[in-house]
Amino acid sequence: MLPNERWGKGDPLVLIHGFTQSARSWGTIGAALAARHAVIAVDAPGHGQSAGVVADLPAGADLMAATAGGDASWLGYSMGGRYALHVALRHPGVVRRLVLVSATGGIDDPAERAARREADEALAVKAEAEGVAAFVAWWLQRPLFATLPRDAAAVESRLGGTSAGLASSLRLAGTGTQQPLWSQLPELGMPVLVVAGELDPAYRAHGRRLVESIGPNASLAVIEGAGHACHLEAPDAFLAAVAPFLDGH
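Keep in mind it's a predicted model, so treat the numbers as computed, not measured. (Residues numbered from 1 in each chain as written. Predicted model: local features only at pLDDT ≥ 70, side-chain atom pairs only at ≥ 80, totals over all residues. Heavy atoms only, no water.)

1. Some words on the packing of helix 4 (residues 110-130) against helix 6 (residues 163-173)
And then number 1: One way to put it is that helix 4 packs onto helix 6 with a least axis distance of 8 Å and a crossing angle of 175 degrees. In terms of orientation, helix 4 and helix 6 fall into the roughly antiparallel class. Counting all contacts with helix 4, which are made through D120, E121, L123, A124, V125, A127 and E128, the residues of helix 6 involved are S163, A167, L170 and R171.
And then number 2: Along the lines of polarity and charge, the residues of the contact of helix 4 with helix 6 split into six nonpolar, one polar and four charged. (Axes fitted to C-alpha atoms, helices over the stretch in contact; angles between N-to-C directions. Helix = DSSP H or I, 4+ residues; strand = E, 2+ residues; numbered from the N terminus. Parallel < 35°, antiparallel > 145°, perpendicular 65-115°, else oblique. Contact = heavy atoms within 4.5 Å. Nonpolar A, V, L, I, M, F, W, Y, C, P; charged D, E, K, R; others polar.)

Below, the structure is given as structure tokens:
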């Protein structure tokens with residue numbers, strides 16, 4: 001099992017954060033979801049209280065499924081979306097509904113995937129050399145987060161881990177390590193909601209492809225005026241899209 005934080009009552013909902021974040025990063029989104037759900041927010045391997053947990057995407061997904069302890073809805077953002085996809089494919093019996101936020105099914109081309117692994121290795125070395133605070137500050141200045149206000153980034157919630165943990169996550173659970181899952185996506189039989197920010201064209205495209213690959217049980221919600229971290233940038237619009245889906249509507 002993985003360290004986790006739990007709030008609220010109702011149908012269980014597992015939340016999986018993005019890279020550099022932790023279970024504490026869900027903030028007002030987690031609180032709002034906990035009004036109707038028993039929220040289980042995990043610290044992903046290499047992050048928060050799981051900084052010392054060394055696991056790749058499949059092994060991490062197995063740990064998360066064990067942590068949830070049974071049938072639940074699952075919501076994963078970015079890196080968390082990669083984990084959530086692995087949970088749903090490896091342990092479909094524990095996934096009632098699936099929400100994938102700014103996620104992808106992987107990089108098809110082996111050369112592009114290898115190049116991404118090299119880039120992730122360079123990031124891992126940078127994290128080890130600079131330490132958590134400096135690396136997180138630099139990470140949030142990347143173009144991917146250009147539309148994320150600093151006060152919405154929950155920076156303090158990102159500082160509780162270790163540089164070794166972040167480096168391990170990049171090496172074992174980065175996009176370059178993910179084997180393409182596109183051909184397996186039709187196996188997902190549960191309802192799936194894919195969410196992407198309007199201002200994040202790459203992940204809007206990934207989102208459309210996820211929905212097309214999964215089939216008629218999947219739908220796409222685009223959050224207007226938001227980028228990659230759309231749940232943090234536009235929480236009200238995000239909840240308006242996600243809450244009815246989790247309630248079965």
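2. Thoughts on unusual backbone geometry
And then number 1: The backbone phi angle of S78 is positive, close to 55 degrees, even though this residue is not glycine.
And then number 2: Tracing the backbone shows S78 in the loop between strand 4 (72-77) and helix 3 (79-90).
And then number 3: Of note, the phi angle at S102 is positive, near 50 degrees, even though the residue is not glycine.
And then number 4: Structurally, S102 can be placed in the loop between strand 5 (95-101) and helix 4.

3. So, the packing of aromatic side chains
Within a pair of aromatic rings, the relevant descriptors are the distance that separates the centres and the angle that separates the planes.
And then number 1: Under the defined criterion, the tally for this structure stands at five aromatic pairs.
And then number 2: A ring pair is formed by W139 and F145, whose centres lie 5.9 Å apart and whose planes are at 50 degrees; its orientation type is tilted.
And then number 3: Residue classification places F145 among the buried positions, given a relative accessible area of 6%.
And then number 4: Among the aromatic residues, those joined into a ring-pair cluster are F19, F135, W138, W139 and F145.
And then number 5: Cation over ring: R97 sits above F245, and NZ or CZ is 5.0 Å from the ring centre. (Phe/Tyr/Trp six-rings, centres within 6.5 Å; stacked < 30°, edge-to-face > 60°. Buried < 20%, exposed > 50% of the residue type's maximum accessible area, 1.4 Å probe, protein only. Lys NZ or Arg CZ within 6 Å of the ring centre and 35° of its normal.)

4. Considering the environment of A154
And then number 1: Along the chain, A154 turns up in the loop between helix 5 (132-139) and helix 6.
And then number 2: The class for A154 is partly exposed, based on a relative accessible area of 27%.
And then number 3: Along the primary structure A154 and A122 are separated by 32 residues, whereas in three dimensions their C-alpha atoms are 25 Å apart.

5. Concerning empty space enclosed by the protein
And then number 1: By the definition in use, this model includes one cavity of 30 Å³ or more.
And then number 2: By volume, the largest cavity amounts to about 50 Å³.
And then number 3: As for the largest cavity, its lining consists of 13 residues, of which T20, G48, R158, G161 and L166 are closest to the centre.
And then number 4: Here the lining of the largest cavity is composed, by residue class, of two nonpolar, 10 polar and one charged. (1 Å grid on protein atoms, 1.4 Å probe; cavity = no way out; pocket = protein on both sides within 12 Å on 5 of 7 lines; lining within 4 Å. Points joined across faces, edges and corners; volume = space filled by probe spheres on them.)

6. Thoughts on the pairing of strand 7 (residues 218-223)
And then number 1: Inspection of the sheet shows strand 6 (residues 192-197) paired to strand 7 by six bridges, in the parallel sense. In the strand pairing of strand 7, A196 is matched with V222.
And then number 2: As a crossover connection, the stretch from strand 6 through helix 7 (residues 201-214) into strand 7 is right-handed. (Pairing = 2+ DSSP bridges. Right-handed = clockwise from strand over helix to strand, strands pointing away.)

7. So, the layout of surface pockets
And then number 1: Counted as a void, the largest pocket has a volume near 510 Å³.
And then number 2: As for the largest pocket, its lining consists of 31 residues, of which R116, W139, L144, T175 and Y203 are closest to the centre.
And then number 3: For the lining of the largest pocket, the secondary structure elements donating two or more residues are helix 3, helix 4, helix 6 and helix 7.
And then number 4: Counting residues per element, the lining of the largest pocket draws most heavily on helix 4, at four residues.
And then number 5: Looking at the lining of the largest pocket, its residues break down into 14 nonpolar, 10 polar and seven charged.

8. Examining the pairing of strand 2 (residues 11-16)
And then number 1: With six bridges joining them, strand 2 and strand 3 (residues 37-42) adopt parallel strand pairing. When the bridges of strand 3 are listed, D11 appears paired with H37.
And then number 2: Handedness of the strand 2-helix 1 (residues 27-34)-strand 3 crossover: right-handed.
And then number 3: Both strand 2 and strand 4 contribute to a ladder of four bridges, which runs parallel. Bridging from a neighbouring strand, V14 pairs with W74 of strand 4.

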